[in-house]
Amino acid sequence: MQWAIATAAFLASAVEFVEAFTIVLVVGITINWRSSLLGAFAAAVTLAIIIATLGVALVKWVPINDFRLIVGIILILFGLKWLKKAILRYSGLKALHDEEAIFEETMAEIRARGETIVPRFQPFGVALSYKSVLLEGLEVAFIVITFGSSVTSASGNGIASAAIGATIAGILVIAAGVIIKAPLTKVPENTLKFIVGIMLTSFGTFWAAEGFGFEWPLSDAFIPILVVLYLLVSYGLVTWLKWNKQHQLAMANLSSPSITTTEQEEVRP
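If you're wondering where the values come from, they're calculated on a predicted model, not measured in any experiment.

What counts, and where the lines are drawn
Residues numbered from 1 in each chain as written. Predicted model: local features only at pLDDT ≥ 70, side-chain atom pairs only at ≥ 80, totals over all residues. Heavy atoms only, no water. Helix = DSSP H or I, 4+ residues; strand = E, 2+ residues; numbered from the N terminus. Buried < 20%, exposed > 50% of the residue type's maximum accessible area, 1.4 Å probe, protein only. Areas by Shrake-Rupley, 256 points an atom, 1.4 Å probe, with all protein chains shown as cover. Expected span 1.5 Å × (residues − 1). Core = buried A, V, L, I, M, F, W, Y, C linked by side-chain atoms within 4.5 Å. pLDDT = per-residue confidence, 0-100. Contact = heavy atoms within 4.5 Å. Phe/Tyr/Trp six-rings, centres within 6.5 Å; stacked < 30°, edge-to-face > 60°. Axes fitted to C-alpha atoms, helices over the stretch in contact; angles between N-to-C directions. Parallel < 35°, antiparallel > 145°, perpendicular 65-115°, else oblique. Left-handed = near helix turned anticlockwise from the far one by under 90°.

Draft legend 1. Examining the overall build of the chain more closely. The helix and strand inventory of the chain stands at eight helices and zero strands. For the chain, the succession of helices and strands along the chain, N to C, is α-α-α-α-α-α-α-α. With 269 residues in all, the chain has 42% of them scored as buried. By element, 70% of the accessible surface of the chain is carried by carbon and sulfur atoms, the whole surface being about 14600 Å².

As structure tokens, this is what we get:
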């Protein structure tokens, strides 16, 4: 269970850190790295405080069954949101997330404001970097707190495992960004979101049912079965959506010539 918690936190955090890093990179290049890094560091401290205070409070004051019910329902909703986006992108109904496009768009917005590279701290640069890291990091904090607290109540180290997974993801993303010095466009973000969506939904289903007093056969070992079930359902949805899209395009192509022929017949003398 601890490995599963750390893995889920790692994957979810990697996605969010990639998105946050893109904005931090833009601020560093267009304004200055002092402002960019100060904002990112301040946001990281804020997130650490949120995780520490809320995590301890939840473990201390909320009964385990009630907590798992609430967390389970939230994780299901949260996981389905990520899963929906991934399914729509795999089926071609939604555009893939493009970090390079976001990088160029944000850079253009900053330049349009007239911001230039200066050696001193720039409030706008600090605020933009802080906001981006904080907003993306709040989802990381949510994963760490919910996953970690549910296991902490039983084994005593769930938050530590989730925090370790998130920290490793952050270090790897930052290291890759420093080496490449460009948006991390090669990271399979949609695949990561799909995997995380499956994991969140599976854990959420497991914990929500436990919160209602249901006893799963095989106990924690039933979670991989839930993962497989959600994978099969997701694959079926992607396949059906692709077929439906192709069917609609085929019908549109068939109807277009018939409409043109009818219009031509109507205008003939």
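So that's the structure; there's more coming.
Draft legend 2. View of helix α1 (residues 2-30). Helix length check: α1 (29 residues) gives 41 Å between terminal C-alpha atoms against 42 Å at 1.5 Å per residue, within 8%. Among the 29 residues of α1, 22 are classified as buried, and the element is accordingly described as predominantly covered.

Draft legend 3. Structural context of helix α7 (residues 189-211). Taking 1.5 Å as the rise per residue, α7 with 23 residues should run 33 Å; its terminal C-alpha atoms sit 32 Å apart, in good agreement. The buried count for α7 comes to 20 of 23 residues, which makes it a mostly enclosed element. In the stretch just after α7, Gly-213 is the one whose phi turns positive, near 95 degrees.

Draft legend 4. Representation of the nonpolar core. Within the largest apolar cluster, 42 residues are counted, with the highest numbers of intra-cluster contacts made by Leu-75, Ile-143, Val-144, Phe-147, Leu-200, Phe-203 and Trp-207. Looking at this core, the elements that each hand over two or more residues are α1, α2 (33-61), α3 (64-90), α5 (123-155), α6 (158-180), α7 and α8 (223-267). With nine residues, α1 is the largest single contributor of residues to this core. Formed by seven residues, the second largest nonpolar core is a distinct cluster that contains Phe-194, Ile-198, Val-238 and Leu-241.

Draft legend 5. Seen up close, the confidence of the model for the chain. Residues of the chain with pLDDT of at least 70 account for 75%, and the chain-wide mean is 77. Across residues 259-267, where pLDDT falls below 50, the model places zero contacts with residues more than four positions away in sequence or in other chains.

Draft legend 6. How the structure looks around the packing of aromatic side chains. According to the stated counting rule, one finds six aromatic pairs in the structure shown. Taking the centre distance of 5.5 Å and the plane angle of 15 degrees together, the rings of Phe-206 and Trp-216 count as stacked. Of the two residues, Phe-206 sits in helix α7 while Trp-216 sits in the loop between α7 and α8, which places them 10 residues apart along the sequence. Trp-216 shares its class with Phe-206; the two are buried. Within the aromatic cluster, the residues linked to one another by ring pairs are Phe-206, Phe-214, Trp-216 and Phe-222.

Draft legend 7. Structural view of the packing of α1 against α7. Remark: α1 packs on α7, axes separated minimally by 10 Å, with the N-to-C direction vectors making an angle of 140 degrees. In this view, α1 runs oblique relative to α7, as classed from their interaxial angle. Relative to α7, α1 is oriented so that their crossing is left-handed. Here α1 contributes Ala-4, Ile-5, Thr-7, Ala-8, Leu-11, Ala-12, Ala-14, Val-15, Val-18 and Glu-19 to the contact with α7, which in turn contributes Glu-189, Leu-192, Lys-193, Ile-195, Val-196, Met-199, Phe-203 and Trp-207.

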